[in-house]
Every structure is written in structure tokens, then in C-alpha cells.
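Descriptive structure summary
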Amino acid sequence: MSPAAPSTKVPVLIAGAGPVGLTLALELAWLGVACMLVEPTEASSGNPKAKTVHQRTLELFRRWGRELPAKLRAAAPLGADFPSTILYVTRLTGALIMALHNATPADSSHRLSPERTMRIPQSFLEPVLREEVRHTAGIDFRVGWKLESFEQESDEVRAEIVHTASGERQIIFAQYLAGCDGGRSTVRKQSGIGLTHLSDIKQALGGVFHAPTLWSTLAFEKAFHYNVLNDDLPHLAVVGPLQPPDLWFFDLMGVDPSALDAAEIVRKAVGRQIPFEIRHAAPWTVHNALAERYRAGRVFLLGDAAHLQSPSGGYGMNGGVGDAVNFAWKLAAVIQGWGGEALLDSYEIERRQFHERALAETIQNSEDNELVTRGLEDPIRGEDLRAALGDRIQRTKPKNFQSLGISLGYRYENSPVILADGTPSTPYETSRYVPTGRPGHRAPHVWLPDGTPLFDHFGQGLTLLALGREVKYSGLAQAAEACGMPLTVLRRSEPELRELYQASLVLVRPDQHVAWRADVEPQDPGAVIDVLRGAASQAIH
Ligand SMILES: Cc1cc2nc3c(=O)[nH]c(=O)nc-3n(C[C@H](O)[C@H](O)[C@H](O)COP(=O)(O)OP(=O)(O)OC[C@H]3O[C@@H](n4cnc5c(N)ncnc54)[C@H](O)[C@@H]3O)c2cc1C
């Protein structure tokens, strides 16, 4: 490290302003913790990458205010009413294999969540988040800077950041370092943390093309994905509208990028001569892997730095936003003095469960994508082959997109900071979400009689739901106050709420997960609060 470089102190240093680092910075700022966010690139890369933002991700953003989901809806190039249709075709001008309508979980009745899954490419989402970061007090956003190296002592991390254009260097003293620096994470590598569960490494080629006549040339209805299978392509190619009327994206996994170029993929997927121009094309690598550990002392890994998965399922970016929210309130609690070390350890214990499940789903989804069938355009056998393949798609694929059982139904078992109540777990199935107030689960969404969602009434810290007119909670409130834990009490008398949560007292964490529930106050409310804030082990109960 350069000894003479100027230095700055900051509570949290975040490396990487992808969706995860941006979310972490915004969440910390919202909770009143200052941070520095360093990011070498001026703008997000040309590949639109993630295109589906789960409703769970939007629920988490909505905690900062309803404006952000509204800004994202406004920035979404396909618009809110674009059909949720996925077509399997031989070419964009060829034959239909299978149509999946309402492919992503629309929940159009808003029964399960105040937000709806949104189609917005990551390359449109990131600028909105960057703009938020720029206008949020408490975030020192250093664009053009990268984390070069770091070392840690027992009480701080000493990091060196470099301005990539000028070579200027600075030393940052931070209480904690968050590695949100993506799949090739410098933070992970310099922490000596390897990858485990490594499987399924594939090369892929993806990008964006401009095709002013493609909409009018298409043989099919509007869809957000046209999954193309034919004898000229080595694997399933995905083509879809990026920004109407003339920008499209394409992705082909399992291809040697030196053997098939971007223009060839587009030509073979479209199937007819049309004018088009490749605007961006770059190879990328599909990995399935988890970091061996998500923590090394004062250094934490989040997002792709901690877990890598193929895009099938949409758990990469969405899962990373979940990491940032799970981690941020715990870190804020420790920095602000009311949280204990067990809170920080619980980050990996809780999130790894989600990542392992998401990885298993992703691997299954990738296997279900092995749909290559020769002869689909054969004039004699083609029709039968398409029908058989269509049946198979109908049987296996819908659950890949309809994954509410995972995206809303994920839960944290055996967490040191959640008090289980002995009730059995609800089914954990890909496409079936069963709302439950069982500790460890996402608190169920409810519309209140005034038309607002229950979630909008939760506080920034923990929320105590007191469900019923008579229920007493003063011991819990006093115990929280005594240790400085921010607690909002929400008293509601609707019997349906008590019925849904199956308890009269429910403690909900800042990430909207239930941490404890019971019908009456515990004999020792302080002991319960101490477990939830990571200041005592569960052995005392
Ligand atoms: C084709 C494709 C389709 C995808 N589809 C989906 C989908 O539908 N749904 C989904 O959820 N996910 C999807 N993903 C995955 C998703 O894009 C990633 O999971 C997501 O980008 C991870 O966000 P991140 O912030 O962790 O990392 P990244 O987005 O990789 O951001 C890391 C940031 O760190 C910066 N950085 C790197 N090194 C340093 C350093 N030394 N110092 C400071 N900064 C550094 C980088 O410049 C970058 O901006 C897809 C990915 C691809 C490639």
C-alpha cells in the first residue's frame, strides 16, 4: 500500500456499484449509516443482463418510499402492460413450438404483495439506482475509483482505492468492507475465499441489436422472450424486445464465442433477411457456485461476489438485493450499538440457505432448458417433433418462471437471531407460496381496510404487531428501549390479521421477516429482544 496517500475514515466501504452495492448504499443511508461506494465504471455494461425484477425486490425497495418502484415502472422500456408471454419457436419468422402465456407470476390481484413483478432490464434499472445514490445524503459515491487492496486489523479495515484514469490513490479506514464487486470479486480473492458447489461452467454470447423492421417481420404475437430452437443453433437462443420499437437483446448459452459470431446468431434466430446492426456483443461465462464463506472478520461478500448462478430463474440480481437488505440492518445495528456480533454471523447462515435453494432451482432450470431437438423444421417430421417438444415444454418449463414459492416463500431456519416457535414448516415448493407468520418467513402481506398495505406501516427498525385490543406488550417495548433497539408498535384489531399471523404478538425485522411470535408477552422480554438483536445466544431459553 502507498504510505503517503491521503486518507479518509468512513463507517462502511462498499466495493462495486452494481445493483447490490447500490442497494446496500441506499439501505445503509436510509438507516442512517454513512458509507463510501467505489465503482470503476462510468455506466453499467452494454449487456442488459437481468430483465425480471421480482416483486420481492420491489417490496424491499418500497420500504424506502413508494417513489422508487414508481420511477422504475416509468423507466421500464416495455411498459407495465406488456404481455407476460414466452414463446418457443423455430425462428422468429418460423413455426411455433409452444406458447406460455402469463409466464411470470403476475399476481395481478395484488393478493400476495403490494408490488408486481416487473420487466425492466438491469441496464435500465442501474441508472435509476445510481441517480438515487447521487441524491442521497450519507453516500460518498466515487465513480471512476476501484478498490485495489485491503488489510484488516481487529478494529478496522485499511483499504487502498485508485482512480483508474489518473492513478491517484487514497487510503480508506473503514469499520467494515462490503465486497459487492461481482463474480470476479477482488474482495473475495484477497480474503482467500474460494468457490464451492462449482458446476456447469458454460460460455455464452449476448448483446443488443438494432432491427427497425423486426416487429413487422415477426410471425408471432408480442412476447418478452422468443426462445429459438433450430438445427443451425447449437443451443436455445433467447431473443426479445429490449426497447421498442427497434432495440432487441439476444443471448446464447453453451456456445464457443469464437465459432459463432453475434450477427450469425441473430440471422439464424430471425430466419429471414432483415436489416440489423449489432450494437453490443460480449462473451460471458455461466457459473454455478457459492463462496466458501461470506465473511472474513470485518469483510463481507454480497451478490455475485458470494454466489453465482445461471440466469435461469432470476435469482442473481434479485437474490443479491435480498443479501444487501438482510445485511444492512444488521450492520447498522452493530455500528449504532444496539446489535451484537451474532447478528453479523447470521447474515451468512440465513442467506446461504436461500442461495443453496436458488442454486438447486437454477440447475434444474438449466437442465429443463436442454431442449435441443434436431429436425424441428423438417417438412415431414417437423410438425410431430414440435408437438412432442411443445408437450415437454408445457410440462417442465412453467415452474421455471412461476417461482413464487421461492421468491416470496423463502425462509430462514435455525438462525441464531430468530426464535422458532416449534410449528412445522410450510411446504417449500417452487410454484406454491403459502403465506405464514411462522418465525423465519417473510411476513405475509395484507391490505388494510384503508387500502394501504400492512408493509407500509412497518417501521425502519423492528415492528411489533400487537394484534387485538387487549394484548399487552409493554415489557417488550421497554426491553427494546433499554437497549436502544428501534421498535415501532403497530396495534391492529382486525381478526383476519390475527388469524393470518397465528399469534397476537409478532416481531417483524427491518427486512420484513418474522423473528418471533406468541400470544402473550414472554416472561423475560429482555431475553427475547437480546436474541433477536444478536446480543445473546438462544441457549439461555
Ligand atoms: C445475460 C444475463 C442475464 C441475467 N439475467 C438475470 C435475471 O433475469 N435475474 C437476475 O436476478 N439476475 C440475472 N442475471 C444476473 C445478474 O446480472 C447479476 O446477478 C447481478 O448483476 C449481480 O449484481 P452485483 O451487484 O452483485 O454484481 P455486478 O452487477 O457484477 O456488479 C459488480 C460491480 O463491481 C464493480 N467492481 C468490480 N471490481 C471492483 C473493484 N475492485 N472495486 C470496485 N468496484 C469493482 C464492477 O464494475 C461492477 O459494477 C443475469 C446475468 C446475465 C449475464
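Our next topic: the overall build of the protein chain. Along the backbone of the protein chain there are 15 helices and 22 strands. Relative to the globule expectation of 24 Å for 541 residues, the C-alpha radius of gyration of the protein chain, 24 Å, shows essentially globular dimensions. Here the C-alpha coordinates of the protein chain stretch approximately 75 × 65 × 40 Å along the principal axes. When each of the 541 residues of the protein chain is scored for burial, the buried share is 48%. Contacts in the protein chain between residues far apart in sequence, at least 24 positions, make up 74% of those at least 6 positions apart.

Domain annotation of the protein chain identifies domain 1 (7–76 + 110–196 + 290–365) and domain 2 (419–540). On a C-alpha basis, the centroid separation for the pair domain 1 and domain 2 is 26 Å. Listed as interface residues are 19 residues of domain 1 and, on the opposing side, 17 residues of domain 2. Elements supplying a minimum of two residues to the side of domain 1 that touches domain 2: helix H8 (316–335) and helix H9 (341–368). By residue number, the principal contributor to the side of domain 1 that touches domain 2 is H9, which donates five residues. By residue class, the composition of the side of domain 1 that touches domain 2 is 10 nonpolar, six polar and three charged.

On to the site of the ligand. Around the ligand, the surrounding shell holds 35 residues, and the nearest of these are Gly-16, Gly-18, Gly-182, Gly-303 and Gly-316. Where the shell around the ligand is concerned, the elements lending two or more residues are helix H1 (19–30), strand S2 (35–39), strand S8 (145–152) and H8. When residues of the shell around the ligand are assigned to their parent elements, the largest contribution, four residues, is made by H8. The residue makeup of the shell around the ligand, split by class, is 13 nonpolar, 15 polar and seven charged.

Right, let's talk about the packing of H1 against helix H4 (residues 122–134) for a bit. Contact geometry for H1 and H4: axes closest at 10 Å, N-to-C directions at 30°. Here H1 lies roughly parallel to H4, going by the angle between them. For the pair H1 and H4, the sense of crossing is left-handed. Where H1 approaches H4, its residues Pro-19, Leu-22, Ala-25 and Leu-26 are matched on the opposing element by Gln-122, Leu-125, Glu-126, Leu-129, Arg-130, Glu-132 and Val-133. Its residues placed into classes, the contact of H1 with H4 shows seven nonpolar, one polar and three charged.

Now for unusual backbone geometry. Note that the residue after Pro-244, namely Pro-245, is joined by a cis bond; omega there is 10°. Summarising the element assignment, Pro-245 is placed in the loop between strand S13 (237–243) and strand S14 (247–253). Its identity is not glycine, yet Asn-102 carries a phi of approximately 45°, on the positive side. Structurally, the position occupied by Asn-102 is in the loop between strand S5 (96–100) and strand S6 (118–119). The phi dihedral of Asn-414 falls on the positive side, at around 55°, and the residue is not glycine.

Ranked by size, the top nonpolar core spans 144 residues in total, and within it Ile-14, Leu-24, Ala-25, Phe-250 and Leu-302 carry the most contacts. In terms of domain composition, this core takes at least three residues from each of domain 1 (7–76 + 110–196 + 290–365) and domain 2 (419–540). Among residues more than four places away in sequence, those in contact with Ala-25 are Ile-14, Cys-35, Leu-37, Val-133 and Ile-139.

Once that is clear, we can look at the packing of H8 against H9. The contact between H8 and H9 brings their axes to 9 Å, and the two run at 170°. Classified by the angle their axes make, H8 and H9 are roughly antiparallel. Contacts between H8 and H9 involve Gly-319, Gly-322, Asp-323, Asn-326, Phe-327, Lys-330, Ala-333 and Val-334 from the first element and Leu-343, Leu-344, Ser-346, Tyr-347, Glu-350, Arg-351, Phe-354, His-355 and Ala-358 from the second. Of the residues assigned to the contact of H8 with H9, the class counts are eight nonpolar, five polar and four charged.

This paragraph deals with the sheet that holds strand S21 (residues 505–508). As summarised here, the arrangement of the four strands in space is S20-S19-S21-S22, forming an open sheet in which the pairing is mixed. Each edge of the open sheet carries a strand with a single partner, namely strand S20 (487–492) and strand S22 (514–518). Mean inter-strand twist for the sheet, computed between neighbouring axes without regard to direction, equals 15°. Pairing analysis gives six bridges linking strand S19 (residues 462–467) to S20, with the strands arranged parallel. Note on S20: the bridge partner recorded for Leu-465 is Leu-490.

Another point: the environment of Ala-281. The topology assignment puts Ala-281 in strand S15 (residues 277–291). Taking the C-alpha atoms as reference points, Ala-281 and Ala-263, separated by 18 residues in sequence, lie 9.2 Å from one another. Not counting chain neighbours up to four residues away, the residues in contact with Ala-281 comprise Leu-205, Gly-207 and Ala-262.

Moving on to the pairing of S21. Successive residues of a regular strand alternate their side chains across the two faces of the sheet. Of the two faces of S21, the one holding Leu-505 and Leu-507 and the one holding Val-506 and Val-508 are both buried throughout. Pairing analysis gives four bridges linking S19 to S21, with the strands arranged antiparallel. Paired with Ala-466 across the two strands is Leu-505, which belongs to S21. As defined by bridge partners, S21 adjoins S22 across four bridges and the pair is classed as antiparallel.

Here we take up helix H2 (residues 55–62). Extensive coverage of H2 is indicated by the burial of eight of its eight residues. Those residues of H2 that fall on the buried side of the exposure criterion are Gln-55, Arg-56, Thr-57, Leu-58, Glu-59, Leu-60, Phe-61 and Arg-62.

Turning our eyes to something else, we now look at the environment of Cys-35. Residue placement: Cys-35 occurs in strand S2. The exposure class assigned to Cys-35 is buried, which follows from the 26 C-beta atoms found within 10 Å. When the C-alpha atoms of Cys-35 and Lys-9 are compared, they prove to be 9.6 Å apart, with 26 residues separating the residues in sequence. Once residues within four sequence positions are removed from consideration, Cys-35 is found in contact with Val-10, Pro-11, Val-12, Ile-14, Ala-25, Leu-28 and Ile-139.

What counts, and at which threshold
- Residues numbered from 1 in each chain as written.
- Predicted model: local features only at pLDDT ≥ 70, side-chain atom pairs only at ≥ 80, totals over all residues.
- Helix = DSSP H or I, 4+ residues; strand = E, 2+ residues; numbered from the N terminus.
- Rg over C-alpha atoms; globule rule 2.2 N^0.38 Å.
- Buried ≥ 20, exposed ≤ 12 C-beta atoms within 10 Å, placed from the backbone.
- Contact = placed C-beta atoms within 7 Å.
- Domains from an automatic or database assignment.
- Nonpolar A, V, L, I, M, F, W, Y, C, P; charged D, E, K, R; others polar.
- Near = placed C-beta within 6 Å.
- Axes fitted to C-alpha atoms, helices over the stretch in contact; angles between N-to-C directions.
- Parallel < 35°, antiparallel > 145°, perpendicular 65-115°, else oblique.
- Left-handed = near helix turned anticlockwise from the far one by under 90°.
- Core = buried A, V, L, I, M, F, W, Y, C linked by C-beta atoms within 7 Å.
- Pairing = 2+ DSSP bridges.

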